[in-house]
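# Analysis of the macromolecular model
Residue-level listing of the chains:
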Amino acid sequence: AGGRGRGGLGNFLKGVRWAPGGGALLVASDDGRLRVFPAGEGGGGGALAPGAAGGEVWDGAPPALEVAPGGAVSDYAWFPGASFLAGGCPSRRCFFSTASGGPAHLWDAGSGALRAAYRAQCADLDEIMPAFSLAVRPDGAVLALGFARGEVRLFDVGRPGRDDCFRVPRARRGAAAAAAAGPALRGIVSSLCFSPTDPRGGFAAGSYDGQAALYDPGAGAHAVALLRGGHGGAGVSQVLWSRDGNYLYTGARREGSVVCWDVRRPDRAVYALGRDAAGTNQRLQFDIEPCGRRLATGGEDGRVRLFDLADGRPVATWVAAADPVNGCHFHPSLPALATSSGARVFPDVAGSDSDNEGRGEGAAAGAGGGGAAPPRELNCLRVWSLRAGLSGLAT
């Protein structure tokens, strides 16, 4: 994603997600646009192939679609079941987005047409509150939007407009009011994620006040439990459930770990997975592969780190880019991992070419372990084919 970004600075990538059924990648960038990149599977010319030896395999096809939600993109997600493979349902090829200054949108990933909008009205003023985060329930029936001061609203996806179907109210100001309201998040809701196993639609939320919370819509609007202390007060930037729904993983801004919590005993963390993140304000994405055995996370140092979730031990690490890896997402059915990298560059303080090259010297070999030279390109989207020992699909 080249060109110019906001404020006259160079544009850069800010995250990546595979379509749930495969065949395409959804990428956010600093110019306030979302792009859909096709990724062939099963053919030649850079297509993905199960059992590949390892290394970069994407052929660098240009974006097939580009949409502008109307401001800086805050969050985005595919509609569950979206697939670009043969036999995929065209009606499910869509994705949600939320951006500064507007409502949440549902976009057609084939034509770029706007399918629906979900508006959260401010209680005091007749204006739209832009959401900072979103998540879609696994059955595709409910959209969750996160706002300031711990507020979360759920919308029926089949009924666009202003009417939400469930609401976690804003945290009250003042110590006495907060104590009377019960456990709640106090800051911006930066991340949302629905439980993959809860039939009642339980979800988790992370906040920049340094806490994460668990909610059960069937039990009321108050948090069932608060997860605190795992990141030393740093603002939580991502929450992600394990595939079995028993654990929650949280990451924080400018804090070098992904923390595992047992939601059945949320009073303390189980373990922490180390990563390089202390020197950047970017959200560094992490993801769990489809079988739930491995977690991959990006890092400020341009590395991808892979962990075994049984005990938290590191499995592999490799240099994926010459700048921070802010996006990291597993393919839904093949042993492959997509990564995006990028950072805002200020022309008056940018380092020389030799400085950029120096960041990659002495780094570990690629995902295939073949000793290939580390990548030196900045601001890049890549797909890595994982060898048998690194992918949870093969263990």
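Read on for a plain summary of the structure. Everything numeric in this text was worked out from a predicted model, so none of it was measured.

### Things to note about the pairing of strand S8 (residues 104-108)
Here S8 lies mainly inside the structure; five of its five residues are buried. The alternating pattern of S8 places Ala-104, Leu-106 and Asp-108 on one face and His-105 and Trp-107 on the opposite face, and all of these are buried. Pairing analysis gives four bridges linking strand S7 (residues 94-99) to S8, with the strands arranged antiparallel. Counted as the bridge partner of Phe-95 is Trp-107 from S8. Between S7 and S8, which pair antiparallel in sequence order, lie four residues; one of them, Gly-101, sits at a positive phi of approximately 85°. Where S8 lies against strand S9 (residues 114-118), four bridges are found, and the strand directions are antiparallel. In the strand pairing of S9, His-105 is matched with Ala-117. Between S8 and S9, which pair antiparallel and follow one another directly, the connecting turn spans five residues, one of which, Gly-112, has a positive phi of 85°.

### Structural notes on the pairing of strand S2 (residues 24-29)
Extensive coverage of S2 is indicated by the burial of six of its six residues. A two-sided burial pattern is seen for S2, the buried positions comprising Ala-24, Leu-26 and Ala-28 on one face and Leu-25, Val-27 and Ser-29 on the other. With five bridges joining them, strand S1 (residues 13-18) and S2 adopt antiparallel strand pairing. Residue pairing across strands places Arg-17 opposite Leu-26, the latter belonging to S2. Bridge analysis of S2 against strand S3 (residues 34-38) gives five bridges, and the strand direction is antiparallel. Bridge assignment links Ala-24 to a residue of S3, and that residue is Pro-38. Counted between consecutive antiparallel strands, the loop separating S2 from S3 contains four residues, among which Gly-32 sits at a positive phi close to 80°.

### Section: the sheet that holds S8
Neighbouring strands of a sheet are bound in pairs by backbone hydrogen bonds; such pairs are parallel or else antiparallel. Overall, antiparallel pairing links the four strands, which are arranged S6-S7-S8-S9 in an open sheet. The open sheet is flanked by strand S6 (73-78) and S9, the only strands paired with a single partner. The mean angle between the axes of side-by-side strands here comes to 20°, regardless of whether they run parallel or antiparallel.

### Overview of the side chain of Asp-30
On the secondary structure map, Asp-30 appears in the loop between S2 and S3. Side chain to side chain, Asp-30 and Arg-344 meet in a polar contact 3.0 Å long.

### A closer look at the environment of Leu-65
With respect to the secondary-structure elements, Leu-65 resides in strand S5 (residues 65-67). Apart from the residues lying within four places of it in its own chain, the contact partners of Leu-65 are Leu-34, Arg-35, Val-36, Phe-95, Asp-108, Ala-109, Gly-110, Ser-111 and Gly-112.

### Things to note about the nonpolar core
Judged by nonpolar contacts, the single largest core of 24 residues is most densely connected at Leu-248, Tyr-249 and Leu-295. Excluding residues within four positions of it along the chain, Leu-295 makes contact with Tyr-249, Val-258, Leu-273, Phe-286, Asp-287, Ile-288, Arg-305, Leu-306, Phe-307, Leu-309 and Phe-330. Of all hydrophobic cores here, the second largest spans 18 residues; its members include Ala-77, Phe-96, Leu-134 and Leu-145.

### Here's the deal with the packing of aromatic side chains
Overall, the coordinates contain eight aromatic pairs when judged by the stated rule. On the numbers, 5.8 Å between centres and 75° between planes, the contact of Trp-78 with Phe-95 is edge-to-face. Of this pair, Trp-78 sits in strand S6 while Phe-95 sits in strand S7; the two residues are 17 residues apart in sequence, bridging distant segments of the chain. Here Trp-78 matches Phe-95 in class, with each residue buried. Taken together, the aromatic side chains of Phe-79, Phe-96, Tyr-118 and Phe-155 make up a single cluster linked through ring pairs. It is Arg-153 that lies over the ring of Phe-147; its NZ or CZ is 5.9 Å from the centre.

### Quick word on the environment of Cys-165
Mapped onto the fold, Cys-165 is located in the loop between strand S12 (152-156) and strand S13 (166-168). Between the C-alpha atom of Cys-165 and that of Phe-155, which follows or precedes it by 10 residues, the distance is 5.4 Å.

### Section: the sheet that holds strand S16 (residues 211-215)
The four strands lie next to each other as S14-S15-S16-S17, forming an open sheet whose pairing is antiparallel. Since the sheet does not close on itself, it has two edges, and those belong to strand S14 (189-194) and strand S17 (225-228), each with one partner. On average, each strand axis in the sheet is inclined to that of its neighbour by 20°, with strand direction left out of account. Inspection of the sheet shows S16 paired to S17 by four bridges, in the antiparallel sense. Its bridge partner being in S17, Ala-212 is matched across the sheet by Leu-227.

About the thresholds
Residues numbered from 1 in each chain as written. Predicted model: local features only at pLDDT ≥ 70, side-chain atom pairs only at ≥ 80, totals over all residues. Heavy atoms only, no water. Buried < 20%, exposed > 50% of the residue type's maximum accessible area, 1.4 Å probe, protein only. Helix = DSSP H or I, 4+ residues; strand = E, 2+ residues; numbered from the N terminus. Pairing = 2+ DSSP bridges. Axes fitted to C-alpha atoms, helices over the stretch in contact; angles between N-to-C directions. Polar contact = N/O pair within 3.5 Å; in protein donor to acceptor, adjacent residues only side chain to side chain. Contact = heavy atoms within 4.5 Å. Core = buried A, V, L, I, M, F, W, Y, C linked by side-chain atoms within 4.5 Å. Phe/Tyr/Trp six-rings, centres within 6.5 Å; stacked < 30°, edge-to-face > 60°. Lys NZ or Arg CZ within 6 Å of the ring centre and 35° of its normal.

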